[in-house]
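Descriptive structure summary
Spelled out from the first residue to the last, the chains are:
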Amino acid sequence: MLFSLPLALVAGLAGWSEFSARRIAAEYPPIGQFVAVPGGRLHVLDIAGPARKGSVPTLVFVHGASSNLRDMALAFRAAFAGEARLIFLDRPGQGWSDRPHGRGDADPAVQAAAVAAALDALDVEKAVIVAHSLGGAVGAALAVHHPEKVAGLALIGGVTHPWSEPVAWYYGASAWPVTGLPLTRLFVLPVAGSNLEALAQGAFWPQRGPERYAREAGIAIGLRPTAFIANGEDVTDFNICLERQVALYPDIRTPTVVLHGDADRTVSIDIHARPFAAVVPDAELIVLPGIGHMPHYVAPEPVQAAIRGLMQRAFG
């Protein structure tokens, strides 16, 4: 297809994509600090909470696919301001975080190791991990491989198990170098960038998200070529990596709460939430009737209550 396009059109698409990527970077610059991890650095927004006797409660938020730390901060920052230290981070290759191992970072265990290293650098001994969507695989990997860092685990519409359903074609296409480079440098920004608010609303079905959600959450950051390719690699390779990870879930001993809308058509409650809660010894499953993939936006009360319950158990 690419070779049949007129050279002038290819040059125009490439130029527009480069211009758009630079504009996005200028519009959504880093809002946190950079923390060194093995091979690179993670972009982290660290909001200190009030000192408490004996400890400072810490919440760490892990975003999902096609996203970045602004998304989780938009949902949770105001709700928990003043209650705890809040740490929002860009997963490797997303937002402004490095992807030091290339496609090797498309493994929840590798990403969990980077998060654990960042928490060490930030002098965080233990935290309640709050993970959404694809980030749920990273949250679960933290509980499996770095239990000393996890005081509690909250998964919201979280991915935890391999799935057999085909993913959107552009994930696989972007992860394959032969198609990924032309796709991301010619078509993604002109096509998706022009209709991003409407596209982003699809994640909220059957509810609607906040007006200007995509803009406020900085979703356009994920349309830049390197981020889009990294996201495609994550969605493609996490599925394979989870085949190894699921066998370790019965070893998780941290208090865990699993929140999932039964109308979620992005991440299946039957493939992920129910099996995960069934094998983790100290897990509670909270099913949210009629709620889709974004309960932390459309049904915030039970989500926030569950997180506060974990905080109470972990920190008193």
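Relevant structure appears above.
Attention in this report is confined to the structure presented alongside it. (Residues numbered from 1 in each chain as written. Predicted model: local features only at pLDDT ≥ 70, side-chain atom pairs only at ≥ 80, totals over all residues. Heavy atoms only, no water.)

Assigned secondary structure in the chain consists of 12 helices and 8 strands. Radius of gyration (C-alpha) of the chain: 19 Å, near the 20 Å computed for a compact globule of 316 residues. In terms of principal-axis extent, the alpha carbons of the chain reach across some 65 × 35 × 35 Å. Considering the chain as a whole, with its 316 residues, one finds that 54% of them fall into the buried category. (Helix = DSSP H or I, 4+ residues; strand = E, 2+ residues; numbered from the N terminus. Rg over C-alpha atoms; globule rule 2.2 N^0.38 Å. Buried < 20%, exposed > 50% of the residue type's maximum accessible area, 1.4 Å probe, protein only.)

On inspection of all chains with the given rule, the structure shows 14 salt bridges. Between Arg103 and Asp237 there is a salt bridge; the shortest N-O distance is 2.8 Å. Here the residue Arg103 occupies a position in the loop between β4 (85-89) and α3 (108-121), and Asp237 occupies one in helix α9 (residues 225-245), the gap between them amounting to 134 residues. Residues joined in a network through salt bridges with shared partners are Arg91, Arg99, Glu233 and Asp234. (Salt bridge = Lys/Arg side-chain N within 4 Å of Asp/Glu carboxyl O.)

Let's shift gears to the sheet that holds strand β6 (residues 150-156). One open sheet holds the 8 strands; their spatial order is β1-β2-β4-β3-β5-β6-β7-β8, and the pairing between them is mixed. The open sheet has two edge strands, β1 (33-37) and β8 (283-288), and neither has a second partner. Each adjacent strand pair in this sheet contributes to an overall mean axis angle of 25 degrees, direction not counted. Where strand β2 (residues 40-47) lies against β4, 4 bridges are found, and the strand directions are antiparallel. (Pairing = 2+ DSSP bridges. Axes fitted to C-alpha atoms, helices over the stretch in contact; angles between N-to-C directions.)

As a further point, take the pairing of strand β7 (residues 256-261). Within β7, 6 of the 6 residues are buried, which leaves the element mostly enclosed by the surrounding structure. Neither face of β7 is exposed, since Thr256, Val258 and His260 on one face and Val257, Leu259 and Gly261 on the opposite face are all buried. Bridge count between β6 and β7: 4 bridges; the pairing is parallel. Along β7, the bridge assignment pairs Ala154 with Val257. Sheet topology note: the β7/β8 ladder contains 6 bridges and is parallel. By the bridge assignment, His260 is partnered in β8 with Val287. Note on the crossover from β7 through helix α10 (residues 269-279) to β8: the handedness is right-handed. (Right-handed = clockwise from strand over helix to strand, strands pointing away.)

Counting residues in each nonpolar core, the largest one holds 46 residues, and the members touching the most others are Ile129, Tyr249 and Phe276. Aside from chain neighbours lying at most four places away, what touches Ile129 is Val60, Val62, Gly139, Leu142, Val150, Gly152, Leu153 and Ala154. Ranked by size, the runner-up nonpolar core spans 45 residues in total, among them Leu183, Ala220, Leu223 and Tyr297. (Core = buried A, V, L, I, M, F, W, Y, C linked by side-chain atoms within 4.5 Å. Contact = heavy atoms within 4.5 Å.)

Moving on to the side chain of His132. By the element assignment, His132 lies in strand β5 (residues 127-132). Take His132: its relative accessible area is 4%, and that puts it in the buried class. A distance of 3.0 Å separates a polar side-chain atom of His132 from the backbone oxygen of His293. (Polar contact = N/O pair within 3.5 Å; in protein donor to acceptor, adjacent residues only side chain to side chain.)

Moving on: the pairing of β2. If a strand is regular, its side chains alternate between the two faces of the sheet. For β2, the buried fraction is high: 6 of the 8 residues fall into the buried class. Inspection of the sheet shows β1 paired to β2 by 5 bridges, in the antiparallel sense. In the sheet register, Phe34 faces β2, and the bridge partner there is His43. From the end of β1 to the start of β2, which pair antiparallel, there are 2 residues, and Gly39 there has a positive phi angle of about 90 degrees.

α9 packs onto α3 with a crossing angle of 95 degrees between their chain directions and a minimal axis gap of 8 Å. In terms of orientation, α3 lies roughly perpendicular with respect to α9. Of the residues in α9, those in contact with Pro108, Ala109 and Gln111 of α3 are Asp234, Phe238, Cys241, Leu242 and Gln245. (Parallel < 35°, antiparallel > 145°, perpendicular 65-115°, else oblique.)

On to the packing of aromatic side chains, then. On inspection of all chains with the given rule, the structure shows 10 aromatic pairs. Judged by centre distance (4.9 Å) and plane angle (25 degrees), the ring pair of Phe61 and Phe76 falls under stacked. Pair noted here: Phe61 is in strand β3 (residues 58-62) and Phe76 is in helix α2 (residues 69-80), with a separation of 15 residues, a long-range link. Each member of the pair Phe61 and Phe76 is classed as buried. Judged by centre distance (5.7 Å) and plane angle (70 degrees), the ring pair of Phe204 and Tyr297 falls under edge-to-face. Taken as a pair, Phe204 in the loop between α7 (196-201) and α8 (213-216) and Tyr297 in helix α11 (residues 295-298) lie far apart in primary sequence, 93 residues in all. By relative accessible area, which is 1% here, Phe204 ends up buried. (Phe/Tyr/Trp six-rings, centres within 6.5 Å; stacked < 30°, edge-to-face > 60°.)

Residue placement: Thr58 occurs in strand β3. You can call Thr58 buried: its relative accessible area is 4%. Other than its neighbours up to four places away in sequence, Thr58 contacts Ala84, Arg85, Ile87, Val124, Lys126, Ala127, Val128 and Phe315.

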